[in-house]
Amino acid sequence: MMKGGHEPRSSGSCAACKFLKRRCSPTCLFAPYFRSDEPKKFAKVHKVFGASNVSKILAEVAEEHRHDTVNSLVYEAEARLSDPVYGCIGAIAILQRKMVELQQDLDVARTRLALCAAGVSPLSLSSRMISFW
C-alpha cells in the first residue's frame, strides 16, 4: 500500500482521466478515488459537480477524509440525477415520513399489547367505540 492507504494502481489511466480524455499522471488527484474499472462513478460526479469543482473539493480536504468525501459526492450525484429537484434531501424526507409512520404503527401495537396484557380485547374495545359514535 502507498501513502494514505491507497492501493497502487495499474499502469492505466484512472476513470476520471479516461472520461476527460487526458493523460493520467502518477500524481493524479482523482486516481485513488476513481479507479479505471468504475467509469460510471466519475461520470455521475462529473455530470453533477464538474471535474474542476471536484478537483477543488478534493484539494481542500485532508487526504484521510478524501474517500469519505468522494463517497458523499457519488451519493449526492446519484441522488441528484434520480431526483433533480430535491436530490438526497428528497430521499431523507421520504425516510423521515416512513419513520413517523412506523413510529405510529409501533405506538398502536404497544397499546394493543398493553390492552391484551390487561385482559381487554382490542376488538371488543373498538366495537364498543364504534357503537358509541
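Residues numbered from 1 in each chain as written. Predicted model: local features only at pLDDT ≥ 70, side-chain atom pairs only at ≥ 80, totals over all residues. Heavy atoms only, no water.

- The protein appears in an unreviewed UniProt entry as LOB domain-containing protein 21 from Actinidia rufa.
- As stated in UniProt under Sequence similarities (unreviewed entry), the record for the protein gives "Belongs to the LOB domain-containing protein family." (UniProt positions renumbered as here; feature names shortened; annotations may be inferred.)

**Considerations on the pattern of salt bridges**
Right, so step 1: Evaluated as defined, the whole model comprises five salt bridges.
Right, so step 2: Close ionic contact of Asp37 with Arg35 constitutes a salt bridge, the shortest N to O distance being 3.0 Å.
Right, so step 3: By relative accessible area, Arg35 is classed as partly exposed at 45%.
Right, so step 4: We note a salt bridge from Arg35 to Glu38, for which the minimum N-O separation is 3.9 Å. (Salt bridge = Lys/Arg side-chain N within 4 Å of Asp/Glu carboxyl O. Buried < 20%, exposed > 50% of the residue type's maximum accessible area, 1.4 Å probe, protein only.)

**Considerations on the packing of helix H2 (residues 39-49) against helix H4 (residues 66-82)**
Right, so step 1: Close contact between H2 and H4 brings their axes to 9 Å; oriented N to C, the two are set at 70 degrees. The angle between the axes of H2 and H4 places the two elements in the roughly perpendicular class. In contact with Lys41, Lys44, Val45, Lys47, Val48 and Phe49 of H2, H4 contributes Val70, Leu73, Val74, Glu76, Ala77, Glu78, Arg80 and Leu81. (Axes fitted to C-alpha atoms, helices over the stretch in contact; angles between N-to-C directions. Helix = DSSP H or I, 4+ residues; strand = E, 2+ residues; numbered from the N terminus. Parallel < 35°, antiparallel > 145°, perpendicular 65-115°, else oblique. Contact = heavy atoms within 4.5 Å.)

**A closer look at a nonpolar patch on the surface**
Right, so step 1: Taken together, the side chains of Val85, Tyr86, Ile89 and Ile92 present a nonpolar region at the surface, about 430 Å² in accessible area.
Right, so step 2: With respect to the helices and strands, Val85 occurs in the loop between H4 and helix H5 (88-117).
Right, so step 3: A relative accessible area of 61% places Val85 in the exposed class. (Patch = residues over 30% accessible without salt bridge, like charges linked within 9 Å, V, L, I, M, F, W, Y side chains within 5 Å. Areas by Shrake-Rupley, 256 points an atom, 1.4 Å probe, with all protein chains shown as cover.)

**Some words on unusual backbone geometry**
Right, so step 1: Here the phi dihedral of Lys21 falls at roughly 55 degrees; this positive angle occurs in a residue that is not glycine.
Right, so step 2: Taking relative accessible area as the criterion, Lys21 reaches 76% and is therefore assigned exposed.

**Examining helix H3 (residues 51-60)**
Right, so step 1: Listing the buried residues of H3 in full gives Ala51, Val54 and Leu58. The buried residues of H3 occupy one face: seen down the axis, they fall within an arc of 65 degrees. Exposed positions of H3 whose direction lies more than 90 degrees from the buried face are Lys56, Ala59 and Glu60.
Right, so step 2: Considering only its buried residues, H3 is in contact with helix H1 (15-20), H2 and H4. (Arc of directions from axis to C-beta.)

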